[in-house]
Amino acid sequence: MNNPQALYQQLMQSIKQKIIQGELQIGDKLDSERKMSEMYGINRMTVRNAIKNLEKEGIVTSFRGKGTFVTQIPTVHDRLQLGDSENISLSVQIRQKGMSSSRQVISLQVVDVPDVAKDFFSCEKVYELIRIFTINEEPYALQKTYLPTTLFHDMDRFDFQTCSLYEYMADHHHPTIRQTSMLRITSLPVAYQSIMDVKANDQLFLFQYYGYDQHKEHVEYTISYNKPKYTCFKFVQDHTRK
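Residues numbered from 1 in each chain as written. Predicted model: local features only at pLDDT ≥ 70, side-chain atom pairs only at ≥ 80, totals over all residues. Heavy atoms only, no water.

**Comments concerning the nonpolar core**
Piece 1. Within the largest apolar cluster, 22 residues are counted, with the highest numbers of intra-cluster contacts made by Phe-120, Phe-121, Val-126, Leu-142, Leu-188, Tyr-221 and Tyr-225.
Piece 2. Put simply, the parts of the chain that give this core at least two residues each are β5 (125–135), β6 (138–148), α6 (190–196), β8 (204–212) and β9 (218–226).
Piece 3. Ranked by residues supplied to this core, first place goes to β8 with four residues.
Piece 4. Filtering out sequence-adjacent residues up to four positions away, Leu-188 remains in contact with Leu-142, Gln-193, Met-196, Val-198, Asp-202 and Tyr-225.
Piece 5. Core analysis: the next-biggest nonpolar cluster, separate from the first, contains 16 residues, Met-12, Leu-30, Val-47 and Val-70 among them. (Core = buried A, V, L, I, M, F, W, Y, C linked by side-chain atoms within 4.5 Å. Buried < 20%, exposed > 50% of the residue type's maximum accessible area, 1.4 Å probe, protein only. Helix = DSSP H or I, 4+ residues; strand = E, 2+ residues; numbered from the N terminus. Contact = heavy atoms within 4.5 Å.)

Quick look at the structure:
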């Protein structure tokens, strides 16, 4: 811990990061003051100050004779909020957060409809577009997008490293107007771990998007592996429906 931020603030940020990334979960017990002092090379008063301030924020709660436990997940302000209803490209979302973004095309080819989308697409062949998105020059997300060849017949003529996929779809009169999505936590396939700079046991958010155009036709299936470092998500529960 040697950046300009106060030591206790650095420890607070480290603990928050572990909670956000799932290393520490609600109900988990923090290491003792003595252990954290040894682990981070700081004195116990600094550790105590960090815990005290985390308690003020409601992130942890200390119980005399028992220890300190995680009670709340920190609010995240500098992450991309995924899983909402607004259909905005990932690159645009990154730029809206004031971060630099780039994308790299890994492959673009015609393939059979993947098994998970066979009930979604009525065609037999789809374009498969695989891209890496970066945030501040760091690999952030791996996306595999599938579009039906019956609606998009010339994808291989476009450079989707510089061209917008959604603009391309709109130009072909089949923009994604509505999406349904699913989320789970998983590891990245081995083939992409090196290029994404992740380890075999690292856990990422896996989003699956099913897209529909203005005619309610199935036009897009995307799976996106997102690193938790820059990701948060939200869901809305409607209590008015029974």
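**What about the packing of aromatic side chains?**
Piece 1. In this structure the tally under the stated criterion is twelve aromatic pairs.
Piece 2. Ring geometry for Phe-158 against Phe-160: centres 6.2 Å apart, planes inclined by 35°, an arrangement best described as tilted.
Piece 3. Of the residues examined, Phe-160 reaches a relative accessible area of 1% and is grouped as buried.
Piece 4. Both rings, one in Phe-207 and one in Tyr-209, keep their centres 6.0 Å apart while their planes meet at 10°; by these two values the pair is stacked.
Piece 5. Using a relative accessible area of 2% as the deciding quantity, one classes Phe-207 as buried.
Piece 6. Under the relative-accessibility criterion, Tyr-209 is labelled buried at 13%.
Piece 7. Taken together, the aromatic side chains of Phe-120, Phe-121, Tyr-146, Tyr-210, Tyr-212 and Tyr-221 make up a single cluster linked through ring pairs. (Phe/Tyr/Trp six-rings, centres within 6.5 Å; stacked < 30°, edge-to-face > 60°.)

**Comments concerning the pattern of salt bridges**
Piece 1. Evaluated as defined, the whole model comprises eight salt bridges.
Piece 2. By sharing partners, the salt bridges in this structure join Glu-33, Arg-44 and Arg-48 into a single network. (Salt bridge = Lys/Arg side-chain N within 4 Å of Asp/Glu carboxyl O.)

**With respect to the sheet that holds β5**
Piece 1. Judged by pairing direction, the sheet is antiparallel, and its six strands sit side by side in the order β4-β5-β6-β9-β8-β7 without closing on themselves. The open sheet has two free edges, formed respectively by β4 (101–112) and β7 (178–186), since each of these has just one partner strand. Strand-to-strand twist of the sheet, defined as the mean angle between neighbouring strand axes without regard to direction, takes the value 15°.
Piece 2. Where β6 and β9 come together, six bridges link them in antiparallel fashion. Residue Ala-141 lies in a different strand from β9, and its bridge partner there is Asn-226. (Pairing = 2+ DSSP bridges. Axes fitted to C-alpha atoms, helices over the stretch in contact; angles between N-to-C directions.)

**Overview of the environment of Gly-58**
Piece 1. Within the secondary structure, Gly-58 is located in the loop between α3 (44–56) and β1 (60–63).
Piece 2. Sequence-distant contacts of Gly-58, that is, excluding residues within four places in its chain, are made with Thr-71 and Gln-72.

**Considerations on unusual backbone geometry**
Piece 1. Here the phi dihedral of Glu-137 falls at roughly 70°; this positive angle occurs in a residue that is not glycine.
Piece 2. Mapped onto the elements of the fold, Glu-137 is located in the loop between β5 and β6.
Piece 3. On the basis of relative accessible area, Glu-137 is assigned to the exposed category, the value being 76%.
Piece 4. For Lys-216, which is not glycine, the phi dihedral falls at a positive 65°.
Piece 5. With respect to the secondary-structure elements, Lys-216 resides in the loop between β8 and β9.

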